[in-house]
Amino acid sequence: MRTVRDLIERNALSFANREALVCGEQRLSHSAYAQRALRLASGLYQLGLRRQERVAVLAMNCVEIYETYAAAEAAGFICVPINYRLAPLEMIQVLRDSGAKILLFEAQYAAAVAQIRAENKTIVHYIGIGSTDSALRYEQVIAEGDPNGPPIRPTPDDYAWLLYTSGTTGRPKGVPWRQQKILHSARMCAQASEMTGQTRLLQVTPAFHIGGKGYVLGTAWEGGCMVLHKAFDPKAMLETIQQERITHTFMVAAMVQAVLAVPKVESYDLSSIQQIFSAA
């Protein structure tokens, strides 16, 4: 494998019916995940996006933000996830700096996007996730996409992500990630974390941060499953670990403390857990 697209296609072929992504009532197999990613990539191409051009996404953790990542990885686009905690003017600065031509956004951020529309003319197309009146509909873009993807493929030296720093010492700065680097990171993460094809990762940290992609990559390398929470909720984490037989998860120290403070934490069946990663 030389690119992340190779990994996505390998999983779709070798682990077609195995769960790849679970989010609430949504359950996608590796085959379905790959097909939706390729259709989305094709839809973005039909809207004029070309190799190494940027597609931004403003959303909390959801299936759609990971599908946008996958579409960029599969087509040679560059995904720019936007920190939804930023003020609209800060979002505009990131969008201008990245040169994004398309913005996908959750309906809950419609007010921020209205301000972005008024002050930033670099975005050519807006795609709404959920019910939005003034944007293309996300599911329609997928429906109109070619299941074989766009007529372009990435190379190992192409960039796939542009992740922005927190901006604690100035304005946020974009950090680019190459296809080859992402693939090596996936392999090393899987090996160091002792992941397997039966790994079920509970992902709760935000997808706009490397903490929202790092262990997800390792899970994908082994053809495992990511179980996604929109945001951190300590009680919901315990319930999901028990119900979905979670094997791995990542939390910063304060999150670990919050989970341990849940009343009757000892009553939950957490026997499936193999590793809890913590940093920061």
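Above: the structure in question.
Residues numbered from 1 in each chain as written. Predicted model: local features only at pLDDT ≥ 70, side-chain atom pairs only at ≥ 80, totals over all residues. Heavy atoms only, no water.

Colleague: An account of the overall build of the chain is needed here, citing residue identities and associated values.
Modeller: Tallying secondary structure elements over the chain gives 10 helices and 13 strands in all. In summary, the chain has a C-alpha radius of gyration of 18 Å against a globular reference of 19 Å for 280 residues, a match within 12%. In the chain, buried positions account for 54% of the 280 residues. Of all intrachain contacts in the chain linking residues separated by at least 6 positions in sequence, the fraction that spans at least 24 positions is 72%. A total of about 12300 Å² of accessible surface is found on the chain, and carbon and sulfur atoms cover 52% of it. Averaging the coordinates of the 28 positive side-chain charges in the chain and doing the same for the 25 negative ones gives two points 5 Å apart. (Helix = DSSP H or I, 4+ residues; strand = E, 2+ residues; numbered from the N terminus. Rg over C-alpha atoms; globule rule 2.2 N^0.38 Å. Buried < 20%, exposed > 50% of the residue type's maximum accessible area, 1.4 Å probe, protein only. Contact = heavy atoms within 4.5 Å. Areas by Shrake-Rupley, 256 points an atom, 1.4 Å probe, with all protein chains shown as cover. Lys, Arg positive; Asp, Glu negative; His and termini not counted. Charge placed at Lys NZ, Arg CZ, Asp CG, Glu CD.)

Colleague: Just give me the short version of the nonpolar core, but keep the residues and values in it.
Modeller: Leu21, Leu44, Tyr66, Phe77, Leu104 and Trp161 are the most contacted members of the largest nonpolar core, which has 55 residues in total. By residue number, the principal contributor to this core is helix H3 (residues 63-75), which donates eight residues. Of all hydrophobic cores here, the second largest spans 25 residues; its members include Ala56, Leu86, Leu95 and Ile116. (Core = buried A, V, L, I, M, F, W, Y, C linked by side-chain atoms within 4.5 Å.)

Colleague: Tell me about the sheet that holds strand E2 (residues 26-29), and name the residues and values.
Modeller: Spatially, E2-E1-E11-E10-E12-E13 is the arrangement adopted by the six strands of the open sheet, whose pairing is mixed. Each edge of the open sheet is held by one strand with a lone partner, namely E2 and strand E13 (275-277). In this sheet, adjacent strand axes meet at a mean angle of 15° when their direction is disregarded. Where strand E10 (residues 200-203) meets strand E12 (residues 248-250), two bridges bridge the pair, whose relative direction is parallel. Following the sheet pairing, leucine 201 is matched in E12 by histidine 248. Sitting on the sheet, helix H8 (residues 214-221) is in contact with E10, strand E11 (225-228), E12 and E13, with an inclination near 160° to E10. (Pairing = 2+ DSSP bridges. Axes fitted to C-alpha atoms, helices over the stretch in contact; angles between N-to-C directions.)

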